[in-house]
Amino acid sequence: MTIRVWIKFFLTLLVIGAVTTVVTSFIVSTHAYAPFLDPFNAWELLGVILWYSGYGLVYSVIAQMGFFAYLTLHQFGKGFFGYFWKHAQVILILFTLFELVYLRYHQDAGPEGLWPYFIAPVLLSIFAYAIAKIKARETHPRAFLPALFFMIVVTTIEWIPTLRTGDPEWLVLMVVPLLACNTYQLLKLHRIVGFTNPEDASSNQKA
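**Here's the deal with the environment of W115**
Logical step 1: Of note, W115 is situated in the loop between helix 4 (85–108) and helix 5 (119–138).
Logical step 2: Relative accessible area serves as the criterion here: at 69%, W115 is assigned to the exposed category.
Logical step 3: For the pair W115 and Y105, spaced ten residues apart in sequence, the C-alpha to C-alpha distance is 9.2 Å.

And the structure:
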């Protein structure tokens, strides 16, 4: 990856982080905009948008740091654990999902019961599975598990600042841009480096 390509990659992710955070804020933080819509106050409204954009830029940088840290961890894991690295990834995925349910429930000690805490890990798992399937289809079937690991484990680690607060509004405000940025990074990297699915390449040669 050249410097020019990395700068474009970096700036694109900044835009994705800012835009997705602002759009999400319109949905989950309508109270922040309501005072400036009636009566309409363009400058105050712009200030709120810029404020949420700032958070989006921070979330984008966190996602990028997590992605490059993951690339290093993945290479280290393959070198250190060898064949058992895929088993370690499965264990870490299961532990992360367990933590999102059981440990968060005990941390909050809410009266509503355990079931509401399944919502986040279930939705995250469904989304991560879909993205991992796309990654595997576009590259190689072996890419499925690392992609699933990245989308679940790394996203959860990046999500920790708001997971600790337990505030539903900020949980959504942070996880949406994180997922958007991580999805872009995961599905864009192999295109940047020029990797193609071997099956697609052989099909093109036969054609």
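**Section: the nonpolar core**
Logical step 1: In terms of nonpolar packing, the biggest core is built from 41 residues, with Y33, Y52, I93, F150, M151, I152 and W159 touching the most fellow members.
Logical step 2: Mapped by element, the contributors of at least two residues to this core are helix 1 (3–28), helix 2 (30–33), helix 3 (42–81), helix 4, helix 5, helix 6 (144–165) and helix 7 (168–192).
Logical step 3: Contact partners of Y52, with chain neighbours within four places excluded, come to T21, V22, S25, S29, A32, Y33, E169, W170 and L173.

**Examining the pattern of salt bridges**
Logical step 1: Here the structure, examined in full by the defined rule, presents one salt bridge.
Logical step 2: One salt bridge connects R191 with E138, and the closest N-O pair in it is separated by 2.9 Å. Of this pair, R191 sits in helix 7 while E138 sits in helix 5, placing them 53 residues apart in sequence.

**What to know about unusual backbone geometry**
Logical step 1: Here the bond from D38 into P39 is cis, since omega is 0°, no more than 30 degrees from zero.
Logical step 2: With respect to the helices and strands, the residue P39 is situated in the loop between helix 2 and helix 3.

**So, the packing of aromatic side chains**
Logical step 1: Evaluated as defined, the whole model comprises 22 aromatic pairs.
Logical step 2: Residues Y33 and Y52 carry aromatic rings whose centres are separated by 5.9 Å and whose planes lie at 20° to one another, so their mutual orientation is stacked. Residue Y33 is located in helix 2, and its partner Y52 is located in helix 3; the two are separated by 19 residues in the primary sequence. Just as Y33 is buried, Y52 falls in that class too.
Logical step 3: Look at W51 and Y52: their rings are 5.0 Å apart centre to centre, the planes differ by 70°, and that puts the pair in the edge-to-face class.
Logical step 4: When its relative accessible area of 2% is taken as the criterion, Y52 is described as buried.
Logical step 5: Through pairs of rings, three or more aromatic residues link up here, namely F67, F68, Y70, F76, F80, F81, W85, F149 and F150.

**Focus: the confidence of the model for the protein**
Logical step 1: When pLDDT is averaged along the protein, the result is 88, and 90% of the positions lie at 70 or above.
Logical step 2: At the level of individual helices and strands, the protein shows its lowest average pLDDT in helix 8 (residues 198–206), which scores 48, and its highest in helix 5, which scores 95.
Logical step 3: Below pLDDT 50 for its whole length, residues 201–207 participates in one contact with residues either more than four positions away or in separate chains.

Reading guide: rules and limits
- Residues numbered from 1 in each chain as written.
- Predicted model: local features only at pLDDT ≥ 70, side-chain atom pairs only at ≥ 80, totals over all residues.
- Heavy atoms only, no water.
- Helix = DSSP H or I, 4+ residues; strand = E, 2+ residues; numbered from the N terminus.
- Buried < 20%, exposed > 50% of the residue type's maximum accessible area, 1.4 Å probe, protein only.
- Core = buried A, V, L, I, M, F, W, Y, C linked by side-chain atoms within 4.5 Å.
- Contact = heavy atoms within 4.5 Å.
- Salt bridge = Lys/Arg side-chain N within 4 Å of Asp/Glu carboxyl O.
- Phe/Tyr/Trp six-rings, centres within 6.5 Å; stacked < 30°, edge-to-face > 60°.
- pLDDT = per-residue confidence, 0-100.

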